[in-house]
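Here are the chains, one letter per residue:
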Number of protein chains: 2
Amino acid sequence: MTIKILFSANEENWRRYKAPLQDALDDKSLDYELGITITPSEVDYIIYAPTSVPLARMVDSGLTDGMVEWVTGHTLRHHLGIDKHIHGQDGIWRSYVPPLAKDRIITILGLGTLGTACGIALERLGFNVRGWSRREKRVDGILCFYGDDQIDSSLLDADIVVLLLPDTPLTQNILNQHTLNLLKRGAFVLNPGRGPLIDDDALLAALETGQIEHATLDVFRIEPLPKNHQYWSNNKVTVIPHKASETRPKTASQVIAMNIERAENGQELLYLVDRENGY
Amino acid sequence: MTIKILFSANEENWRRYKAPLQDALDDKSLDYELGITITPSEVDYIIYAPTSVPLARMVDSGLTDGMVEWVTGHTLRHHLGIDKHIHGQDGIWRSYVPPLAKDRIITILGLGTLGTACGIALERLGFNVRGWSRREKRVDGILCFYGDDQIDSSLLDADIVVLLLPDTPLTQNILNQHTLNLLKRGAFVLNPGRGPLIDDDALLAALETGQIEHATLDVFRIEPLPKNHQYWSNNKVTVIPHKASETRPKTASQVIAMNIERAENGQELLYLVDRENGY
């Protein structure tokens, strides 16, 4: 029987996704009909923002690769003091030499697919990498902390903190006045995760005192970030318009096709959302 | 018999090196005298800019680590378009999304200790890495080219070129009008190697036409780079004051002590300079 797959999204996404999705489904030898106008009662699968159970997260290898590149690039940027050189093209031969990566502590909040991949890449470059997650995890080469009791220890004296947690009631404002003050003085903040993870007023205050030297933010509570927001005008903040990593049609389509094939074969879907934990 | 080791350098270097050298020599249980005023006829070893054969290069693990961090950081900086964000804090929510590393070609000229280590780090991040060396070499994961016949192939359509060759009569001006034009239009140049590797006039012309989008240069024919040099004022050039990586006293001293121990045991020195090839 033909599987009916409703692609529920706007015209632009349909144009971007139609061909790669067909290619990926054809590779699975599925008998399917894919479209944006299937009669609701006949739909077997909905792709994009599904509201019915089971709900599977999009785990896209392209997104993971892009995130590793972004986090590694901005970590090295702040570690090496690249901004000093970009802003210092004034003819003065300066003597700043950064420490080696092995003398830096990077703490990643969130050890899901993205946080773990970033941690492994940074550890390979020689950084001391710590990770924190809500539930206990182990990753080779990363000093792992977990639960509310250990978050302070994970952040103590860190040079750079990277936020890669989901947005849940328990993670909102996880970077606040208290946790910012645990970092090394002059630390850097990278947020490629979710806007609400940061207490924005506390971050602005910590930038003002010099407790935080610079914050590079890719996500915000309101996007696009309003043009008059303080983050745009603060020279200790780099605003990036939610580009840390994007879900890419080709690799994402392969994951969608794989999960539909699993369901048709009676297997459990991969990357199921745990509705109790909210991610 | 006491080995007499002359440290031939200025006072500042002596202050920096005295303690780490003594620590490293003590670890080898050598009976030695180390100083800056040993009677020339009694000297067994000279450290720093020796002029007698055998001449050993300084291969410092700290220098290698620092170079990998610098090259990886600036490669990711240009790959991700980080400068666009640093210069674009004007409230405009831009849509630029970089390709993934796997869609970029990085060519490293020079596959010595430094070039090889950088190539391996970039390959692990997903880049397509090519390397070129004068003599044939093989490195897992890197597409290796060698000799005069293959240099053009190694550079063809590369997105980023990294210069890590020694300065010899054969390598001077290796990046010139001809080789610059082989790169992909809008390519990036990184030179953490030696100043004379680049034909400066050809590079300035290629920046002017847009064949090269940006050059990040750490070394120059004259250092410090004169304040009125065009590189300082060209906004397509980032001048870095020879900081890509520094030889660090602690790790360098360990190499020196190891080589003196080898000589005392009748073993050949490591990292000997091949005077015919000039490095």
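Parameters at a glance
- Residues numbered from 1 in each chain as written.
- Chains lettered and ligands numbered in written order.
- Predicted model: local features only at pLDDT ≥ 70, side-chain atom pairs only at ≥ 80, totals over all residues.
- Heavy atoms only, no water.
- Least-squares fit on C-alpha atoms with pLDDT ≥ 70 in both.
- Contact = heavy atoms within 4.5 Å.
- Domains from an automatic or database assignment.
- Pairing = 2+ DSSP bridges.
- Helix = DSSP H or I, 4+ residues; strand = E, 2+ residues; numbered from the N terminus.
- Right-handed = clockwise from strand over helix to strand, strands pointing away.
- Axes fitted to C-alpha atoms, helices over the stretch in contact; angles between N-to-C directions.
- Parallel < 35°, antiparallel > 145°, perpendicular 65-115°, else oblique.
- Left-handed = near helix turned anticlockwise from the far one by under 90°.
- Nonpolar A, V, L, I, M, F, W, Y, C, P; charged D, E, K, R; others polar.

Enquirer: Sorry if this is basic, but what is going on with the relation of the copies chain A and chain B here?
Expert: Least-squares fitting of chain A to chain B yields an RMSD of 0.1 Å, with the transformation described by 0.0 Å of translation along the axis and a rotation of 180°. Here the transformation between the copies is reduced to the relation of a two-fold axis. Of the C-alpha atoms belonging to chain A, the one lying closest to the rotation axis is found on Gly73 of chain A, 2.9 Å away. Looking at chain A, 98% of its interface residues are interface residues in chain B too, so the copies touch through the same face.

Enquirer: Would you explain the domain arrangement of chain A in this entry?
Expert: By convention, interface size is frequently given as the accessible area that disappears when the constituent parts associate. Segmenting chain A into domains produces domain 1 (3-55) and domain 2 (61-239). Taking only C-alpha atoms, the centre of domain 1 of chain A and the centre of domain 2 of chain A are 37 Å apart.

Enquirer: It is not clear to me how the pairing of strand S2 (residues 32-35) of chain A should be interpreted in this structure. Could you clarify?
Expert: Walk down a regular strand and you will see the side chains alternate between the two sheet faces. Residue and element names in this part refer to chain A. Relative to S2, strand S1 (residues 3-7) is paired through four bridges, and the arrangement is parallel. Within S2, the position partnered with Leu6 by the bridge is Gly35. Note on the crossover from S1 through helix H1 (residues 11-27) to S2: the handedness is right-handed.

Enquirer: Please clarify how the packing of helix H2 (residues 61-80) of chain B against helix H4 (residues 113-124) of chain B should be interpreted in this entry.
Expert: Angle between the axes and distance between the axes: these two values describe a pair of packed helices. Residue and element names in this part refer to chain B. Relative to each other, H2 and H4 sit at 50°, their axes nearing to 9 Å. Between H2 and H4, the angle is such that the two are oblique. Crossing of H2 over H4 shows right-handed handedness. Contacts between H2 and H4 involve Leu63, Thr64, Met67, Val68, Val71, Thr72 and Thr75 from the former and Thr113, Leu114, Ala117, Cys118, Ala121 and Leu122 from the latter. Residue composition of the contact of H2 with H4, by class: nine nonpolar, four polar and no charged.

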